[in-house]
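Inside the fold
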Amino acid sequence: MADLTPIRPYLWFETNAQEAMEYYVSVFPNSSIDQVVTYPDEALSEHFEGMSGKVINGEFTLNGAPFGCIDGGPAFTFNEAVSFVITCADQAEIDYYWSALSAVPESEACGWCKDRFGVSWQVIPHDLGRLMERPEQTQALMQMKKIVIAELENA
């Protein structure tokens, strides 16, 4: 079971929480699927109809951070109002996470991308503040999809 923490993200998937957990733990180091509870007998509640074998509560860890999830059906979907920030040490790490997570090209902007499950991520260098000190750097960033550190340094 995941460690108890005061706040942890909890993600609502339509029907692919198990697939998402497996994918995320393959992308991030120091990650694991900690617990999966599937829906009980569909006869117990009208809300369980069609959810047999799906995740009613999943607990997983991504790079040491606890997450939870559910297969909740189509009532809610992800949007860019909530994103997860990945602070990267260097360009190679940015390139790795961008390649692994970016699946919706039209959603890419200024280091933001969206994965195949619809979850938004910000893939940024650890020193982004330094790389945006000059107006030319900020302007360069605003033209980027994936952040390229060398281009910001040279702006």
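Structure first, text after, so check above.
Before going into details, it helps to say that this report is about the structure given with it. Just so you know, these numbers come straight off a predicted model, no measurement behind them.

On to the pattern of salt bridges. The tally for this structure, following the rule as stated, stands at 6 salt bridges. The residue Glu-80 makes a salt bridge to Lys-114 at a minimum N-O spacing of 2.7 Å. Here Glu-80, found in the loop between β4 (65-71) and β5 (83-88), pairs with Lys-114, found in strand β6 (residues 112-114); they are 34 residues apart in sequence, far enough to count as distant. Note on Lys-114: relative accessible area 15%, which makes it buried. Between Lys-146 and Asp-95 there is a salt bridge, with its nearest N and O atoms 2.9 Å apart. Linking Lys-146 in the loop between α3 (135-143) and α4 (149-153) with Asp-95 in helix α2 (residues 91-101), this pair joins segments that are 51 residues apart in sequence. Residue classification places Lys-146 among the partly exposed residues on the basis of a relative accessible area of 28%.

Excluding glycine, most residues fall at negative phi; most peptide bonds, likewise, are trans. The backbone of Asn-30 sits at a positive phi, close to 55°, despite the residue not being glycine. Phi at Cys-110 takes a positive value of approximately 50°, unusual for a residue other than glycine. Relative to the assigned elements, Cys-110 resides in the loop between α2 and β6.

What follows concerns the layout of surface pockets. Size it by volume and the largest pocket reaches roughly 230 Å³. Together, 17 residues line the largest pocket, and Leu-62, Asn-63, Ala-65, Phe-67 and Val-85 are the ones closest to its centre. If you list the elements that add at least two residues to the lining of the largest pocket, you get β4, β5 and α2. For the lining of the largest pocket, the leading source of residues is β5, giving 4 residues. Class assignment for the residues of the lining of the largest pocket results in 12 nonpolar, 3 polar and 2 charged. Looking at the second largest pocket, its volume works out to about 200 Å³.

Turning to its location among the elements, Asp-41 is positioned in the loop between β2 (32-38) and β3 (55-62). In this structure the C-alpha to C-alpha distance between Asp-41 and Ser-52, which are 11 residues apart in sequence, comes to 7.0 Å. A polar atom in the side chain of Asp-41 sits 2.8 Å from the backbone nitrogen of Ala-43.

All right, on to the pairing of β4 then. Counting buried residues in β4 gives 6 out of 7 residues, a clear majority hidden from the surface. Taken together, the 4 bridges between strand β1 (residues 10-13) and β4 define a ladder with parallel strand orientation. Along β4, the bridge assignment pairs Tyr-10 with Gly-68. Pairing geometry for β3 and β4, over 5 bridges, is antiparallel. The partner of Glu-59 across the bridge, within β4, is Gly-68.

Cut-offs used in this document
Residues numbered from 1 in each chain as written. Predicted model: local features only at pLDDT ≥ 70, side-chain atom pairs only at ≥ 80, totals over all residues. Heavy atoms only, no water. Salt bridge = Lys/Arg side-chain N within 4 Å of Asp/Glu carboxyl O. Helix = DSSP H or I, 4+ residues; strand = E, 2+ residues; numbered from the N terminus. Buried < 20%, exposed > 50% of the residue type's maximum accessible area, 1.4 Å probe, protein only. 1 Å grid on protein atoms, 1.4 Å probe; cavity = no way out; pocket = protein on both sides within 12 Å on 5 of 7 lines; lining within 4 Å. Points joined across faces, edges and corners; volume = space filled by probe spheres on them. Nonpolar A, V, L, I, M, F, W, Y, C, P; charged D, E, K, R; others polar. Polar contact = N/O pair within 3.5 Å; in protein donor to acceptor, adjacent residues only side chain to side chain. Pairing = 2+ DSSP bridges.

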